[in-house]
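If you want the building blocks of each chain, they are given just below.
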Amino acid sequence: MSDSAHLNGPASPSGKFIDSIDPEDPEYRRNLQRPAEVKEDMKQMEGRSRVSVVLNSQAFKEELETIVNEQIRQGGPASLFALQQISDLLGPSARGAGGSSFARSSPVIPINDIRGVETFGYTKQEKVLRCKLAAAYRLVDLSGWTHGIYNHISARLSQEHEQFLVNPFGMLYPEITASTLAKVDVRGEVVDCGTTGLGINKAAFTLHSAIHQARPDIRCIIHLHTPSAVAVSATKQGLLPMSQEALLCGKVSYHDYRGILVDQEERDQLARSLGPFNKVMFLRNHGVVACGETIEEAFHYAFNVMAATDAQVKAMPVGLDNLVQMLYNVEVFVAVLQVKAMPVGLDNQDQMLYNVEVFVGVCYR
């Protein structure tokens, strides 16, 4: 017989719960008078109490330590995914609520996963660059700009040898870590596949290699095609100077995208479309690329062009005639460009990268 039956009345000879209830029992009467919300809270408190007992038990701790130590000894990305599953079991993360800056909560797989003897395989410069690039992938994922396993964020590793870091083909953005990034040459040939053993999407990397070849000053390229970016790229007017974020992008280039860059003529045309100074270029009917001399600058442009396209798409239904554009307001235009040129304009993006590295790269070591 259940405990509740003994609390509400004597045990029933028939074994039926209804026969065990004593209507005169004070505890039974109080339970009937409790609001449904209070009953639900008490039920949840009882459930949490049971979970707390399990988590604090010595047997559970020993079993968890055994699993973690076993995964650490095995090494490789599989151990990281196992730790992710353990984290999801103990504290599942949910999508951010409306109004949040990010589309999803922070991932738990560490960014800086280069440990032990692996550290001897990288220079200090490469290790830092790998951590920053992995943090950029996480920020793009947190912002909701990803497209599954597709697209690239590339970073120039060495200008002398023309080597670049990109994501391995087949991994989602929240799974990218410092050690999983692949190292390729300008032709997209894999020099170091990282810890995954996966290759890269060589056809998609041709866009990045064409820009890197034409613009040695560019060290990072972020390629996105969110619905808002595709929508703006498909309009004849392109990006309108109707928001401060649009002005922060500076002069924007446009290129009639014809798919994969298979010949040199198309690559040359892409370089001419970008020009020698612009950092943002829309690929017609396809998306946008944001470039920078650093990863922080590239994310700075990506962040602002995404905000500008989102605002423009939301404002378009009112009609172009009803939109107030800042194209002819020279004072505002110059003031915004001065803000863009100030170091603090990029420090905020640098701090955001640093915060992601610290949160998922240090707290979960």
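Now for a quick tour of the structure. Remember, it's a predicted structure, so these values are computed and weren't measured experimentally.

Points about the overall build of the chain
Secondary structure summary: the chain contains 14 helices and 8 strands in total. Each of the 365 residues in the chain was classed as buried or not, and the buried ones make up 42%. Summing over all exposed atoms, the chain offers an accessible surface of approximately 19,800 Å²; the carbon and sulfur share of this is 56%.

A look at the sheet that holds strand 3 (residues 182-185)
With mixed pairing, 8 strands are arranged side by side in an open sheet as 4-3-2-1-5-8-7-6. Both outer strands of the open sheet, strand 4 (190-192) and strand 6 (252-255), are each paired with one neighbouring strand and no more. Averaged over all pairs of adjacent strands, the angle between strand axes in this sheet comes to 25°, irrespective of strand direction. Sheet strands in contact with helix 11 (residues 264-274) are strand 6 and strand 7 (280-283), and its direction is about 155° off that of strand 6. Here helix 12 (residues 295-315) sits on the sheet and contacts strand 1 (153-158), strand 5 (220-224), strand 7 and strand 8 (287-292); the angle it forms with strand 8, its principal contact strand, is near 150°.

Things to note about the pattern of salt bridges
Tallying each qualifying case throughout the model produces 14 salt bridges. Taking the shortest distance from any N to any O, the salt bridge between Glu27 and Arg30 comes out at 2.8 Å. Pair noted here: Glu27 and Arg30 are both in helix 3 (residues 26-33), with a separation of 3 residues, about one helical turn.

As for the packing of aromatic side chains
Under the counting rule described, the total for this entry stands at 6 aromatic pairs. Residues Phe299 and Phe303 carry aromatic rings whose centres are separated by 6.3 Å and whose planes lie at 40° to one another, so their mutual orientation is tilted. A residue pair is termed a helical-turn pair when its members lie 3 or 4 positions apart in one helix, as Phe299 and Phe303 do in helix 12 at 4 residues. Owing to a relative accessible area of 0%, Phe299 belongs among the buried residues under this scheme. By relative accessible area, which is 35% here, Phe303 ends up partly exposed. Feature note: the residues Trp145, Phe299 and Phe303 constitute an aromatic cluster, connected by ring pairs.

Regarding the pairing of strand 2 (residues 163-166)
Both faces of strand 2 are covered, namely the face carrying Gln163 and Leu165 and the face carrying Phe164 and Val166. Alignment of strand 1 against strand 2, held across 3 bridges, turns out to be antiparallel. Bridge pairing in strand 2 links Ala155 to Leu165. The turn linking strand 1 back onto strand 2 is made up of 4 residues, and Glu162 within it adopts a positive phi angle of 55°. By the bridge criterion, 4 bridges tie strand 2 to strand 3 in an arrangement that is antiparallel. From the neighbouring strand, Phe164 faces strand 3, where its bridge partner is Val184.

Observations concerning the state of the cysteines
A full pass over the atoms with the stated rule returns 0 disulfides. Cys220 provides the cysteine sulfur closest to Cys291, a residue in no disulfide bond, and the two sulfurs are 8.4 Å apart. Judged by relative accessible area, Cys291 falls into the buried class, the value being 0%.

A closer look at unusual backbone geometry
Note on backbone geometry: most residues besides glycine have negative phi, and most peptide bonds are trans. Phi is positive for Asn151, close to 75°, though the residue is something other than glycine. Counting through the fold element by element, Asn151 comes out in the loop between helix 7 (124-142) and strand 1. On the accessibility criterion, Asn151 (8% relative accessible area) is buried. Its identity as a non-glycine residue notwithstanding, Asn285 has a phi of 60°, on the positive side.

The rules behind these values
- Residues numbered from 1 in each chain as written.
- Predicted model: local features only at pLDDT ≥ 70, side-chain atom pairs only at ≥ 80, totals over all residues.
- Heavy atoms only, no water.
- Helix = DSSP H or I, 4+ residues; strand = E, 2+ residues; numbered from the N terminus.
- Buried < 20%, exposed > 50% of the residue type's maximum accessible area, 1.4 Å probe, protein only.
- Areas by Shrake-Rupley, 256 points an atom, 1.4 Å probe, with all protein chains shown as cover.
- Pairing = 2+ DSSP bridges.
- Axes fitted to C-alpha atoms, helices over the stretch in contact; angles between N-to-C directions.
- Contact = heavy atoms within 4.5 Å.
- Salt bridge = Lys/Arg side-chain N within 4 Å of Asp/Glu carboxyl O.
- Phe/Tyr/Trp six-rings, centres within 6.5 Å; stacked < 30°, edge-to-face > 60°.
- Disulfide = S-S within 2.5 Å.

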